[in-house]
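The chain contents come next:
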Number of protein chains: 4
Amino acid sequence: VSNSGHERETQRVEAFSDGVFAFAVTLLVLDLVVPRFDHVATVPEVLSALRQDAPAYVALSLTFATIYILWVAHHGILRRVHHVDGSLLYANGLLLLLVSTCPFPTAFLAEFVDQPAGRLAAAMYSAYFLAVHLAFNLVLAAIQGGHHRAAHGFSDLEIAALRRRARFGPLAFLGAMLAAAWNAWVSVAICAGYWGILAYRSIQRHRHVEE
Amino acid sequence: VSNSGHERETQRVEAFSDGVFAFAVTLLVLDLVVPRFDHVATVPEVLSALRQDAPAYVALSLTFATIYILWVAHHGILRRVHHVDGSLLYANGLLLLLVSTCPFPTAFLAEFVDQPAGRLAAAMYSAYFLAVHLAFNLVLAAIQGGHHRAAHGFSDLEIAALRRRARFGPLAFLGAMLAAAWNAWVSVAICAGYWGILAYRSIQRHRHVEE
Amino acid sequence: VSNSGHERETQRVEAFSDGVFAFAVTLLVLDLVVPRFDHVATVPEVLSALRQDAPAYVALSLTFATIYILWVAHHGILRRVHHVDGSLLYANGLLLLLVSTCPFPTAFLAEFVDQPAGRLAAAMYSAYFLAVHLAFNLVLAAIQGGHHRAAHGFSDLEIAALRRRARFGPLAFLGAMLAAAWNAWVSVAICAGYWGILAYRSIQRHRHVEE
Amino acid sequence: VSNSGHERETQRVEAFSDGVFAFAVTLLVLDLVVPRFDHVATVPEVLSALRQDAPAYVALSLTFATIYILWVAHHGILRRVHHVDGSLLYANGLLLLLVSTCPFPTAFLAEFVDQPAGRLAAAMYSAYFLAVHLAFNLVLAAIQGGHHRAAHGFSDLEIAALRRRARFGPLAFLGAMLAAAWNAWVSVAICAGYWGILAYRSIQRHRHVEE
């Protein structure tokens, strides 16, 4: 198999992954439902219906941001991989399966976060992103695996650093899961805080690369 | 990092952005609902139901056109950027988050424009596109920012002209928002007028480039 | 503007168009609704509900096939265009706006074809595809327009032949629209027949190119 | 027609196919419905509603996995085809039409698998994937067809081996269809087993290529 064949193979996995990431976050909009009334509604009624939907706006923004930052990391890594073998293909498939279902835990959180089932909803939301980040670690492990040694552009030090960094995600969402036993909003705040730290780090890293 | 790596990075951001833009405008069709009856409907009943849905057709066309022209501008600019750093990545992420939710303010406008909450709906629709165009200005600012100086194909004069032109969008939608306090349809007409002017300008500019 | 810049511009319009075409036909599946019962349903009940949905299967297949063949033509033409100017961009935008809404006339046809409003539904379905094919002719006209003379890979003879061939679409759907005044299923049959002829032609043409 | 033109043609068919594949599996998430209550729900009520939806999670995962492995095969083959003629274009169109409707048989299976219509649902689900795999065989036949002889990168031995392997899919899903006459879950287990065998094979094959 020629080098150019490998190149195209990687590009197609990237294109498919980009598609699923982009579609999944765009489908989140279906969780935003325009209030419908069986009568001609007054302005205060409409405003109050919009306000009741506030958890949906928060949940959508949080999921979008988390998936987007994951996509940034995924893209930074995959573009330096020159060859896609079976284990990477399936680890990536598991990641995409999970990413593609993100509108479900998001809508679940939005529906129940301010109800008695709020802590359950927050725990499930955190558990979902825990699973997503474990799958992302699986992708990294598949890249590190022996069959790729010659086929990716990472030094041993770099990939070890990537894997060390990637351990932070599962830990953060495990923490958010445990916090959900106590309070739903604290759990959501941990998820948001995780995103903030990663966004900050990523911007720093990009700066560094350029200097 | 090699030049070819940079090239691919830009292309992937473009591909992801194209996905979200294309997908968001295609999801607008879900706002068009086929009338359902609990009896076998007569032709006049069906026609009258279709006529009542007219605001949905107007709102869909307007949003599609506005997002499309934004995509044209976005595409004209991004294809001359050679390197994507952290701040551009996140400014673009904010833009995509907003673009991906376009079916919501569109459906909201369509539902309430001819009701007492019509001015509220028009104000929110304008506010949504105001936010979209502010995010677009953020993308331009990120490109202009120091880290890109050497990494984009724009002269200082060109990028200053782009930024001057881009200030028109937020002003137009601010105007539409204020007009909504007076009349919903005037506000919608300003949004449509903005689109018409930009389409005309863009065609002129394309002509110019070619000569 | 360099040649490679032009190349990339064309590719991005193609990518965006492919996205809208692919999304729109995939969204057609939302017109297929799994029957729901408020009791545990027996096998005959489920089968009868599926049978009642038969028009939806026919309508989905017909729209998918028509959009697919249009995409094939669109793709065959756009890949030989080297430069995208303003009028082509907007003609293409109009085509995409129409294509993106294909699930709506399809669901409308499926809902009403076997009811008193069936002829209305068939007339609207034909009118929709008439508009789509007129927009496609506009795309061809924009390519033929003076500004492209040097920028596309077609000889004058070829593009005249393309435009002659493209006149067939509007005529066929105008015929289907008129036929709808008489009988809905005849109108649908004309739409299907048009597709059959074009598919046959396209296979012949591909054969020819290769010899 | 130049070689580079052929190259781009193949890439666009790949891009369109990737779009439909990626989009169809992402739309599966719409089958997961957040439970809604007309009162403030207790935790046990929510948990019980989630448990009742278990067949939907199983069905989604199974369809995602089957489509994903099909995409892997499709991608491995198409990237070695240098020219797309009419029969390949239409065979591929039929495959995409079927793939794009995958959320429907999946939702149908999830709704009825634990009801009296469960065997009917399992039979239809298997029949759907039987049709998908027959369409995939048609794609292979179109590639093998005379017009491509010089235009794909497969030796006669390789393509014969591909076609032999591809016969396994229709047989497995025919088996699952027949098994559905006896028991719905056995039929589903055969579908899952088929996927497991192919995933295992594909990983082996990728290993082999690399050595």
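Please refer to the structure placed before this passage.
Our subject in this report is the structure included herewith. Just so we're clear, the structure is a prediction, and the values are computed from it rather than from any experiment. (Residues numbered from 1 in each chain as written. Chains lettered and ligands numbered in written order. Predicted model: local features only at pLDDT ≥ 70, side-chain atom pairs only at ≥ 80, totals over all residues. Heavy atoms only, no water.)

### Here we look at the interface of chain A and chain B
Which entries qualify depends on this criterion: Throughout, a contact is declared for two residues whenever any of their heavy atoms are within 4.5 Å. Two parts lose some accessible area (1.4 Å probe) when they are put together, and adding that loss for both gives the buried area. The working definition used for a salt bridge is a side-chain nitrogen of Lys or Arg within 4 Å of a carboxyl oxygen of Asp or Glu. Polar contacts, as used here, are pairs of N or O atoms within 3.5 Å; protein pairs need one atom able to donate a hydrogen and one able to accept it. Residues neighboring in sequence count only if both atoms are side-chain atoms.
The interface is formed by 47 residues belonging to chain A together with 41 residues belonging to chain B. For the pairing of chain A and chain B, the buried interface totals around 3,900 Å² over both sides, and the portion due to carbon and sulfur atoms is 70%. Where chain A meets chain B, there are one salt bridge. Among the salt bridges present, the one from Arg36 of chain A reaches Glu111 of chain B, with a minimum N-O distance of 2.4 Å. Along the contact surface separating chain A from chain B lie three residue pairs in polar contact (both at pLDDT 80 or more).

### Comments concerning the packing of helix α3 (residues 54–78) of chain A against helix α4 (residues 86–100) of chain B
The criterion, for reference: All axes are obtained by fitting lines to C-alpha atoms, using only the stretch in contact for helices, and the reported angles, taken between N-to-C directions, cover 0 to 180 degrees. To qualify as a helix, a DSSP run of H or I must reach at least 4 residues; to qualify as a strand, a run of E must reach at least 2; elements of each kind are numbered from the N terminus. For this classification, under 35 degrees means roughly parallel, over 145 means roughly antiparallel, 65 to 115 means roughly perpendicular, and everything else is oblique. In this scheme the handedness of a crossing depends on how the near helix is turned from the far one: anticlockwise by less than a right angle means left-handed, clockwise means right-handed. Just so you know the grouping, Ala, Val, Leu, Ile, Met, Phe, Trp, Tyr, Cys and Pro go in nonpolar, Asp, Glu, Lys and Arg go in charged, and all remaining residues, Gly too, go in polar.
Here α3 of chain A crosses α4 of chain B at 135 degrees, and the two axes come no closer than 11 Å. Between α3 of chain A and α4 of chain B, the angle falls in the class oblique. Like other packed secondary-structure pairs, α3 of chain A and α4 of chain B cross with a definite hand, here right-handed. Judged by residue contacts, Leu60, Phe64, Tyr68, Ile69 and Val72 of chain A of α3 of chain A engage Leu89, Tyr90, Asn92, Gly93, Leu96, Leu97 and Ser100 of chain B from α4 of chain B. The class makeup of the residues in the contact of α3 of chain A with α4 of chain B is nine nonpolar, three polar and no charged.

### What to know about the relation of the copies chain A and chain B
Inclusion rule: Residues reaching a pLDDT of at least 70 in both copies supply the C-alpha atoms on which the copies are superposed by least squares.
Rotating chain A by 90 degrees about the axis while translating it 0.0 Å along that axis superimposes it on chain B, leaving an RMSD of 0.0 Å. Considering both components of the superposition, the chain copies are consistent with a four-fold axis. Interface overlap between copies is the fraction of interface residues in one copy that are interface residues in the other; for chain A against chain B it is only 6%, indicating separate surfaces.

### Quick word on empty space enclosed by the protein
Residue and element names in this part refer to chain B. Filter applied, for reference: As defined here, a cavity is a set of points on a 1 Å grid over the protein atoms alone where a 1.4 Å probe fits but cannot get out. A pocket is an open set with protein on both sides within 12 Å along at least five of seven lines, and residues line them when an atom is within 4 Å of a point. Grid points are joined across faces, edges and corners, and a volume is the space filled by probe spheres set on the points.
Under the criterion given, the structure shown has five cavities of 30 Å³ or more. Taken as a whole, the largest cavity spans an internal volume of roughly 40 Å³. What lines the largest cavity is Pro55, Val58, Ala59, Leu109, Ala110, Val113, Trp185 and Val188. Those elements that provide at least two residues to the lining of the largest cavity are α3 (54–78), α5 (103–112) and α9 (184–210). Among the elements that make up the lining of the largest cavity, the one with the highest residue count is α3 (three residues).

### Here we look at a positive patch on the surface
All names here are of chain A. For clarity, the threshold we go by: Grouping into patches uses exposed residues only, defined as over 30% relative accessible area, and leaves out salt-bridged ones; the cut-off is 9 Å for like charges and 5 Å for nonpolar side chains (Val, Leu, Ile, Met, Phe, Trp, Tyr). Where accessible areas are quoted, they stem from the Shrake-Rupley method and a 1.4 Å probe; at the residue level, only the protein chains shown are allowed to cover. Asp and Glu are treated as the negative residues and Lys and Arg as the positive ones, with His and the ends of the chain left uncounted. A single reference atom marks each charge: NZ on Lys, CZ on Arg, CG on Asp, CD on Glu. Exposure categories follow from relative accessible area, calculated using a 1.4 Å probe and restricted to protein chains: below 20% of the type maximum is buried, above 50% is exposed, and the middle band is partly exposed.
A cluster of basic residues, Arg164, Arg165, Arg167 and Arg201, forms a positive patch on the protein surface. Relative to the helices and strands, Arg201 resides in helix α9 (residues 184–210). Residue Arg201 is classed as partly exposed on the basis of its relative accessible area of 31%.

### Thoughts on α5 of chain B
A large share of α5 of chain B lies buried, amounting to nine of its 10 residues. Every buried residue belonging to α5 of chain B is among Pro103, Phe104, Pro105, Thr106, Ala107, Phe108, Leu109, Ala110 and Phe112 of chain B, and all of these are buried.

### Things to note about helix α3 (residues 54–78) of chain D
Under the convention used in this document: One fewer than the residue count of a helix, multiplied by 1.5 Å, yields its expected span.
With 25 residues, α3 of chain D should reach 36 Å at 1.5 Å per residue; the first-to-last C-alpha distance of 36 Å fits that figure. For α3 of chain D, a buried count of 19 out of 25 residues is recorded, marking the element as mostly surrounded by other parts of the structure.

### Points about the packing of α3 of chain B against helix α6 (residues 118–144) of chain B
Geometrically, a packed helix pair is captured by the angle between its two axes and the distance between the axes. Residues and elements named next belong to chain B. Viewed as axis vectors pointing N to C, α3 and α6 meet at an angle of 5 degrees, and their least axial separation amounts to 12 Å. With respect to α6, the axis of α3 lies roughly parallel. Residues Ala59, Leu62, Thr63, Thr66, Ile67, Leu70, Ala73, His74, Ile77 and Leu78 of α3 form the contact with α6, whose participating residues are Tyr125, Phe129, Val132, His133, Phe136, Leu140 and Ile143. Along the lines of polarity and charge, the residues of the contact of α3 with α6 split into 13 nonpolar, four polar and no charged.

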